[in-house]
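# Examining the three-dimensional arrangement
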Protein chains: 2
Amino acid sequence: MPGQNPLVAWLPARYSFSMAVTDIASRTYNHGWRLDPIVRSLLDTDFYKLLMQQMIREFYPNQQVTFSVINRSRHVRLAEIIDEGELRAQLDHARTIRFSKKELIWLAGNTFYGKTQMFSPDFINWLSNFRLPEYELHKVDGQYELHFHGPWTHTTMWEIPALAILNELRSRQVMKGQGRFVLDVLYARAKAKLWSKVERLRKLEGLRLSDFGTRRRHGFLWQRWCVEAVKEGLGPSFTGTSNVLLAMDNDLEAIGTNAHELPMVAAALANDDTELRWAPYRILDQWRHTYGGNLLIALPDAFGTKSFLRDAPEWVADWTGFRPDSAPPISAGEEIIKWWKQKGRDPKEKLLVFSDGMDVGSIEETFRHFAGRVRISFGWGTNLTNDFVGCAPDGSVDLDPISIVCKVTSVDGRPAVKLSDNPEKATGSASEVERYLRVFGDAGRVRTAVHV
Amino acid sequence: MPGQNPLVAWLPARYSFSMAVTDIASRTYNHGWRLDPIVRSLLDTDFYKLLMQQMIREFYPNQQVTFSVINRSRHVRLAEIIDEGELRAQLDHARTIRFSKKELIWLAGNTFYGKTQMFSPDFINWLSNFRLPEYELHKVDGQYELHFHGPWTHTTMWEIPALAILNELRSRQVMKGQGRFVLDVLYARAKAKLWSKVERLRKLEGLRLSDFGTRRRHGFLWQRWCVEAVKEGLGPSFTGTSNVLLAMDNDLEAIGTNAHELPMVAAALANDDTELRWAPYRILDQWRHTYGGNLLIALPDAFGTKSFLRDAPEWVADWTGFRPDSAPPISAGEEIIKWWKQKGRDPKEKLLVFSDGMDVGSIEETFRHFAGRVRISFGWGTNLTNDFVGCAPDGSVDLDPISIVCKVTSVDGRPAVKLSDNPEKATGSASEVERYLRVFGDAGRVRTAVHV
């Protein structure tokens, strides 16, 4: 019988729930906080940005390209929610960041899509001096006008951090001053919600899905939780993340190829309608010069998928696949499969990547629809990393995700345009959109509400 | 424009999610853990135990009373789940605990139910030397036989820690080796589940509810989370907790009056059937000698509510109220209201406390049924502090609560009996139960499944 039981050691652990042994140095240091930076690494971006950056540096080192943030959810008046001083402090902080040695060594030494030395030593060396260029910020009618002017090689890198900063500043503002348990329950519900999705996705045998949710994430720490949870929950079905930092930290594959900015810049540089018509293919030709294999995934929808396929040169059918990004997934996929067959290609050897506002319901439907007919994979974005719908204890919708993008708006002083398969996602001036529609046609474009 | 922004201070906070600055001393200390004690304070018990202990010391200082743990959920074979060595280590550890100075000062100086000096200086002084008595532990047919023999003043204090230890050891065993995110989602779901209950309860205007969930909690830290969350979520509708330690730490009211052990011991001490019939009232008379006011709440169901009311002396109708603890709440309440009216008392001035396996549905129903007719309050137990039903990511039911109690089984060598309004909750030998049924009758007793 015990008396003094030698097995007993008193633990601080019991109280770590809220009363951990106080680390006085950290506490004192924390009293001096001025800023809790949202972006802390230049690798906290999408992998395709680095791939495109290398190619841009090769073919377009001198083009001046302006990127601009566009909040498609006009009803959310961001300039009334986010403090301008806080926004400037975060953007300014992002501009102080450089690639660290460890990061550059990892980029140089890691294997991407099975390929070593994806990034040339010359490019890695150039990155070591890279920093984000200046920004231009105004408030206009309750929204922020946020533009990035400069060489395409530099402005392209603002897209992801700018969006991540805006989204996280909004989340932080909404949660400011809320009670400890209200916040605890908010995250508990969001975790439970994500896990219910994981449980549904687990039933899809052979599923291949990756995280594409960096730009519109609720916050960095939340994206990290989501990625790590889905990694544990889906096992090998979770093929990686577009976020380079999270890929490095979690030994996941970095996922991504290229974006609409390639055909948009190429189109803007066209000197006449004929050059305009061939611009999307010319830049894909440059892409395949830089990359091969699994990176040969084309976005068909910048100026409408129907016209893209109709006018595509024969070699486009040799590419690994397509990422339809604005048409409804099933009809877009069917159209591409039909086209491959017309070209004498076997769709079973081809890949379709679906990444336009996917969530568990549309993933299930699309997966089952194409089962056995074509290889498919999913890029799961906003509905993975920012689904707080119905999670706020007070029933507020202030954390529901918004549809915000950062797009090319001008190239060497010329306006840039995206038509998209969904006119709701089109960008550019009305007159230029009209010209592009004359060149590419309006066939197959269908207006659909855009939520994220 | 920035360069080096003086506003920026790098935080460890970003990494505190999983990579906080490592406190090396704590980490090293933790490597030496031998035991993570479940019970760490003698105040980690139900308030009524202390109230009863003081009265027992006054009227029954020499009675030898055995308490025994009874697992009514026989299908859960506790001795095959919980390691005997771990159980002994936890019980042994509990025996090393004394009341701390701070705890005794708080007991002496705090106001309970609006009354100062609820505990006499003499009792407080006696507590300073109190420790839990020995235990007797065997494995029998997949269950633990766990008995506490000794003076009633001492054995009574084992009820709550013994049950809390068994329940938490079971939870820990079930969760051992589970993945980080599986556990995170488990708790996320349980938090979300509790908060949905809080949101429903918030709609009941004038609700009075307190935590009665210590004995069958999932674990100490989880009970603390639940109590603190409900305190924030329900505000003044949350009137306190039966857990004395949590009441002290959170400046909540300590809630509780008395338990079945009082009439059970009194009945066991009866020398003949006439004494047996009057035993429940004799001990209530002793109770009102020790306490008054809000503490005059009687348990009517130890040997059946119908016979208790039928034979009760006039002064019982002067008491503040009843805690019906085994009959269905609405019919039990109606029966008592009818009895008060027969006795010429106004139910609107009386109090009913419902605490038998309540959950949000039965609380809502009972609350609405009695609205405006009688004062009511709720003791919310196992379904507050141990509701993990449907929360395990693997669909396991191994964390579903079990129905386990610690009851008086003998008094000075004589067998003890509880009849209850629900024969499923009866305890005692068959022959003694038969004798009690002869004396008190079987009227109004209804068999109902017992879940918690």
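Residues numbered from 1 in each chain as written. Chains lettered and ligands numbered in written order. Predicted model: local features only at pLDDT ≥ 70, side-chain atom pairs only at ≥ 80, totals over all residues. Heavy atoms only, no water.

Under the annotation held in an unreviewed UniProt entry, chain A carries the name Nicotinate phosphoribosyltransferase and is attributed to Bradyrhizobium lablabi. Database annotation for chain A, UniProt heading Pathway (unreviewed entry): "Cofactor biosynthesis; NAD(+) biosynthesis; nicotinate D-ribonucleotide from nicotinate: step 1/1." (UniProt positions renumbered as here; feature names shortened; annotations may be inferred.)

## Things to note about the sheet that holds strand β2 (residues 136–140) of chain B
Residue and element names in this part refer to chain B. In space, the five strands of this open sheet follow the order β2-β3-β1-β10-β11, with antiparallel pairing throughout. Two strands lie at the open edges of the sheet, namely β2 and β11 (414–415), each paired on one side alone. Where β2 lies against strand β3 (residues 143–148), five bridges are found, and the strand directions are antiparallel. Within the sheet, the bridge partner assigned to L137 lies in β3 and is L146. Those strands touched by helix α4 (residues 84–96) are β2 and β3, and its axis lies near 160 degrees from that of β2. Along the sheet, helix α12 (residues 261–268) makes contact with β1 (65–71), β10 (404–411) and β11, crossing β10 at roughly 25 degrees. (Pairing = 2+ DSSP bridges. Helix = DSSP H or I, 4+ residues; strand = E, 2+ residues; numbered from the N terminus. Contact = heavy atoms within 4.5 Å. Axes fitted to C-alpha atoms, helices over the stretch in contact; angles between N-to-C directions.)

## Considering the UniProt feature "domain: Nicotinate phosphoribosyltransferase N-terminal" (unreviewed entry) in chain A
Per the UniProt record, "domain: Nicotinate phosphoribosyltransferase N-terminal" (unreviewed entry) is annotated on residues 43–167 of chain A. Taken end to end, residues 43–167 of chain A comprises 47% helix and 14% strand; its first and last C-alpha atoms sit 18 Å apart.

## Some remarks on the pairing of strand β10 (residues 404–411) of chain A
All names here are of chain A. Burial of β10 is extensive: seven of the eight residues sit out of reach of the surface. Sheet analysis places strand β1 (residues 65–71) next to β10, joined by seven bridges and oriented antiparallel. Residue V65 lies in a different strand from β10, and its bridge partner there is V411. Sheet analysis places β10 next to strand β11 (residues 414–415), joined by two bridges and oriented antiparallel. Paired with S410 across the strands is P415, a residue of β11. (Buried < 20%, exposed > 50% of the residue type's maximum accessible area, 1.4 Å probe, protein only.)

## Overview of the side chain of N383(B)
Residues and elements named next belong to chain B. If you trace the backbone, N383 turns up in helix α17 (residues 382–385). Of the polar contacts made by the side chain of N383, one reaches the backbone oxygen of M358; its length is 3.0 Å. Ignoring anything within four residues of it in the chain, the contact list for N383 reads K197, G357, M358, D359 and V452. (Polar contact = N/O pair within 3.5 Å; in protein donor to acceptor, adjacent residues only side chain to side chain.)

## A short note on the packing of aromatic side chains
All names here are of chain A. Evaluation of the coordinates by the stated rule reveals 56 aromatic pairs over all chains. Each residue in the set F47, F99, W106, F112, F119, F123, W126 and F130 is aromatic and connected to the rest through ring pairs, giving one cluster. Sitting over the face of the ring of W315, R288 holds its NZ or CZ atom 3.9 Å from the ring centroid. (Phe/Tyr/Trp six-rings, centres within 6.5 Å; stacked < 30°, edge-to-face > 60°. Lys NZ or Arg CZ within 6 Å of the ring centre and 35° of its normal.)

## Some points on the pattern of salt bridges
One pass over the structure, following the stated rule, counts 70 salt bridges over all chains. The partner of E364(B) in a salt bridge is R200(B), and the shortest N-O contact between them spans 2.7 Å. In this pair, E364(B) is assigned in helix α16 (residues 360–370) and R200(B) in helix α9 (residues 180–201), connecting sequence segments 164 residues apart. The class of R200(B) is partly exposed, set by a relative accessible area of 36%. Through salt bridges with shared partners, one network takes in D46(A), K49(A), E159(A), R215(A) and E261(A). (Salt bridge = Lys/Arg side-chain N within 4 Å of Asp/Glu carboxyl O.)

## Notes on the pairing of strand β8 (residues 351–354) of chain A
A regular strand carries its side chains on alternate faces of the sheet. All names here are of chain A. Burial of β8 is two-sided: the residues L351 and V353 facing one way and the residues L352 and F354 facing the other way are all buried. As paired strands, strand β7 (residues 321–322) and β8 are joined by two bridges and run parallel to one another. From the neighbouring strand, G321 faces β8, where its bridge partner is L351. Crossover connection from β7 via helix α15 (residues 329–342) to parallel β8: handedness right-handed. Across four bridges, the pairing between β8 and strand β9 (residues 375–380) is parallel. By the bridge assignment for β9, V353 is matched with S377. Handedness of the crossover joining β8 and β9 through helix α16 (residues 360–370) is recorded here as right-handed. (Right-handed = clockwise from strand over helix to strand, strands pointing away.)

## Here's the deal with unusual backbone geometry
Glycine aside, residues mostly have negative phi, and peptide bonds are mostly found in the trans state. Of note, D141(A) is a non-glycine position whose phi angle comes to about 50 degrees, a positive value. When you line up the elements, D141(A) lands in the loop between β2 (136–140) and β3 (143–148).

## Quick notes on the side chain of D400(B)
Along the polypeptide, D400(B) turns up in the loop between α17 and β10. Sequence-distant contacts of D400(B), that is, excluding residues within four places in its chain, are made with R170(B), F388(B) and V389(B).

## Details of the packing of helix α4 (residues 84–96) of chain A against helix α8 (residues 159–175) of chain A
All names here are of chain A. Interaxial distance between α4 and α8 falls to 11 Å at its minimum, and their mutual angle equals 140 degrees. Our classification of the angle between α4 and α8 gives oblique. You can see that α4 and α8 cross each other, and the crossing is right-handed. Contacts between α4 and α8 involve E86, L87, Q90, L91 and A94 from the former and I165, L166, L169 and R172 from the latter. Class assignment of the residues belonging to the contact of α4 with α8 gives a composition of six nonpolar, one polar and two charged. (Parallel < 35°, antiparallel > 145°, perpendicular 65-115°, else oblique. Left-handed = near helix turned anticlockwise from the far one by under 90°. Nonpolar A, V, L, I, M, F, W, Y, C, P; charged D, E, K, R; others polar.)

## As for the environment of R216(A)
All names here are of chain A. Looking at the secondary structure, you find R216 in the loop between β4 (209–211) and α10 (220–234). The sequence separation of R216 and L284 amounts to 68 residues, and the corresponding C-alpha distance is 27 Å. Every residue in contact with R216, bar those within four places of it in the chain, is listed here: N167, T382, T385, N386, I402, I404, V405 and V452. Of the polar contacts made by the side chain of R216, one reaches the side chain of T382; its length is 3.3 Å.

## Brief notes about the UniProt feature "domain: Nicotinate/nicotinamide phosphoribosyltransferase" (unreviewed entry) in chain A
The feature "domain: Nicotinate/nicotinamide phosphoribosyltransferase" (unreviewed entry), as annotated in UniProt, sits at residues 208–438 of chain A in this numbering. When the span residues 208–438 of chain A is considered, its composition is 40% helix and 13% strand, and the gap between its end C-alpha atoms is 38 Å.

## A word on the environment of A79(A)
All names here are of chain A. Inspection of the secondary structure assignment puts A79 in helix α3 (residues 78–81). You can call A79 buried: its relative accessible area is 8%. Residues within four places of A79 in sequence aside, it is in contact with K139, G142, Q143 and Y144.

## Considerations on helix α18 (residues 430–440) of chain A
Residue and element names in this part refer to chain A. E432, V433, R435, Y436, V439 and F440 are the residues of α18 that are buried. All buried residues of α18 fall inside an arc of 160 degrees around its axis, so they share one side. Turned more than 90 degrees from where α18 packs its buried face, A430, S431, E434 and R438 sit exposed. Lining the buried residues of α18 we find α12 (261–268), α13 (273–290), α14 (305–311) and β11. G441, located one to two residues past α18, shows a positive phi value of around 85 degrees. (Arc of directions from axis to C-beta.)

## Concerning α13(A)
All names here are of chain A. The end-to-end C-alpha distance of α13, which contains 18 residues, comes to 27 Å, matching closely the 26 Å that a straight helix rising 1.5 Å per residue would cover. The sharpest bend along α13 measures roughly 50 degrees and falls at A279, with the proline P280 sitting one to four residues further on. For α13, every residue scored as buried is listed here: L276, A279, P280, Y281, I283, L284, Q286 and W287. Of the surrounding elements, those touching the buried residues of α13 are α2 (47–59), α7 (152–155), α12, β6 (297–298), α14 and α18. Near the N-terminus of α13, the side chain that reaches the backbone nitrogen of T274, with its oxygen 3.0 Å away, is that of D272. (Expected span 1.5 Å × (residues − 1). Bend = angle between axes of the 7 residues up to and from the residue.)

## Topic: the environment of P151(A)
Following the sequence through the fold, P151(A) ends up in the loop between β3 and α7. If near-sequence neighbours (up to four positions away) are discounted, P151(A) is found in contact with Q63(A) and Q64(A).

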